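Structural overview for review
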Amino acid sequence: MRRSVALVVGTLFGLLAGAAFLRRHAVDRERADLYFEDGSMLSLANGSPGAERLLPLARRIIGETRSS
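The structure displayed is predicted, hence computed values, not measured ones.

Cut-offs used in this document
- Starting from 1, residues in each chain are numbered consecutively following that chain's sequence as written.
- Where local features are concerned, this predicted model is filtered to residues with pLDDT of at least 70; where side-chain atom pairs are given and counted, the filter is 80 or more; whole-chain, interface and lining totals use all residues.
- The side-chain values count all of the structure's non-hydrogen atoms but skip hydrogen atoms and water molecules.
- Patch members must show over 30% relative accessible area and no salt bridge, and they are joined within 9 Å when carrying like charges or within 5 Å when they are nonpolar side chains of Val, Leu, Ile, Met, Phe, Trp or Tyr.
- For the area figures, the Shrake-Rupley method with a 1.4 Å probe applies, and any residue is considered shielded solely by the protein chains shown.
- By definition, a salt bridge exists where a carboxyl oxygen of Asp or Glu is found within 4 Å of a side-chain nitrogen of Lys or Arg.
- Strands are runs of DSSP state E lasting at least two residues, helices are runs of H or I lasting at least four, and both sets are numbered from the N terminus onward.
- Accessible area is worked out with a 1.4 Å probe on protein chains only. A residue is then buried under 20% of its type maximum, exposed over 50%, and partly exposed in between.
- DSSP-based pairing: two strands are paired if at least 2 bridges between them are found.
- The span one expects for a helix is its residue count, reduced by one, times 1.5 Å.
- For a residue, the bend is simply the angle between two axes, fitted respectively to the seven-residue segment ending there and the seven-residue segment starting there.

Examining a nonpolar patch on the surface
On the surface, Met 1, Val 5 and Val 9 cluster together into a nonpolar patch covering about 350 Å² of accessible area. With respect to the helices, strands and loops of the structure, Val 9 is situated in helix α1 (residues 2-28). Take Val 9: its relative accessible area is 52%, and that puts it in the exposed class.

Things to note about the pairing of strand β1 (residues 31-35)
Regular strands show a simple pattern: their side chains alternate between the two faces of the sheet. The pairing of β1 with strand β2 (residues 41-45) spans 5 bridges and is classified as antiparallel. Its bridge partner being in β2, Arg 31 is matched across the sheet by Ala 45. Between the end of β1 and the start of β2, which pair antiparallel, lie 5 residues, with Gly 39 showing a positive phi angle near 95°.

A word on helix α2 (residues 49-67)
Residues separated by three or four positions in an α-helix point in the same direction, a consequence of the helix having 3.6 residues per turn. Under the 1.5 Å per step criterion, the end-to-end length of α2 is 29 Å for 19 residues, consistent within 8% with the ideal 27 Å. At Leu 55, α2 shows its strongest bend, of approximately 25°, with the proline Pro 56 following within four residues.

Read these as geometric descriptors, not functional statements.
This is the structure in structure tokens:
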């Protein structure tokens, strides 16, 4: 009985720790998603030439909207 309870608690703890780890690393990635009228989308990851120009602008716009 005690082993099964410990196994369940350990499994739940492992799942929560894994979810927190994945969430933390997903938040650190910055990207610019561009949506076009024809329904297509282009995602520029941090470090790509296009994203290096767009991400500072996006940060500024998001900062201004959050502060108001």
